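For reference, the chains in residue letters:
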Amino acid sequence: APTLVDVRAGRHAGFDRVVFEFQGAVPATRHVRYVGQLVQDGSGEPVSVAGGADLEVVFQGANAHDDSGSPTVSPRRFSPGFTALKEVAQVGDFEAVVTYGLGVDRQRPFKVSTLSGPS
């Protein structure tokens, strides 16, 4: 399964950006959507992030840990404090499903792109 190795955010003229970098291929199944409440994978416990709207990013068939169970991304939560993007938090790495919550100031249109070199 692809392994998440980096999560980073950038600020650009007119938009904020989050990049999820994988070792190996890009996970075949990925979903991005606004949700009323982020929940931790496995436990179902609610997860709060800064901002007025929660964007959920899910990668199925991926991991965010190595063979020994150690996380492959650090930190797993950070606050860039950009105009729209307020916080990025890993909310799950359970049974080959990696989930992140993006706290944004309000619901805004978003765009998803897939890049290669690296994945």
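Everything in this summary refers to the structure shown in the same document. (Residues numbered from 1 in each chain as written. Predicted model: local features only at pLDDT ≥ 70, side-chain atom pairs only at ≥ 80, totals over all residues. Heavy atoms only, no water.)

Walk down a regular strand and you will see the side chains alternate between the two sheet faces. With seven of eight residues buried, strand E6 (residues 53-60) lies mostly within the body of the structure. Here strand E3 (residues 29-35) pairs with E6 via seven bridges, running antiparallel. Looking at the pairing, Val-32 lines up with Val-57 of E6. Here E6 runs beside strand E9 (residues 97-104); their pairing, made up of eight bridges, is antiparallel. Opposite Asp-54, over in E9, you have Gly-103 as the bridge partner. (Buried < 20%, exposed > 50% of the residue type's maximum accessible area, 1.4 Å probe, protein only. Helix = DSSP H or I, 4+ residues; strand = E, 2+ residues; numbered from the N terminus. Pairing = 2+ DSSP bridges.)

Let us look at unusual backbone geometry. Between Ser-74 and the following residue, Pro-75, the backbone shows a cis peptide bond with an omega angle of 0°. Omega for the bond connecting Gly-117 with Pro-118 falls within 30 degrees of zero, at 10°, which places this linkage in the cis form. By the element assignment, Pro-118 lies in the segment after E9. At Glu-95, a position not held by glycine, the phi torsion is positive, near 50°. When you line up the elements, Glu-95 lands in the loop between strand E8 (85-94) and E9. The backbone of Ala-96 sits at a positive phi, close to 60°, despite the residue not being glycine.

Attention shifts here to the nonpolar core. Judged by nonpolar contacts, the single largest core of 19 residues is most densely connected at Leu-4, Val-7, Phe-20 and Tyr-100. Of all the secondary structure elements, the ones that give two or more residues to this core are strand E1 (3-12), strand E2 (15-23), E6, E8 and E9. When neighbours within four sequence positions are excluded, Leu-4 is seen to be in contact with Phe-20, Glu-21, Phe-22, Asn-63, Ala-64, Thr-72, Val-73, Val-98 and Tyr-100. Val-35, Leu-38, Val-49 and Ala-89 belong to the second-largest nonpolar core, a separate cluster that totals six residues. (Core = buried A, V, L, I, M, F, W, Y, C linked by side-chain atoms within 4.5 Å. Contact = heavy atoms within 4.5 Å.)

As a further point, take the sheet that holds strand E7 (residues 77-78). Picture the strands of a sheet paired through backbone hydrogen bonds; they go either parallel or antiparallel. Read from one edge to the other, the open sheet built from five strands follows the order E3-E6-E9-E8-E7, with strand pairing classed as antiparallel. Both outer strands of the open sheet, E3 and E7, are each paired with one neighbouring strand and no more. Taken together, the eight bridges between E8 and E9 define a ladder with antiparallel strand orientation. What sits directly across from Asp-93, in E9, is Val-98.

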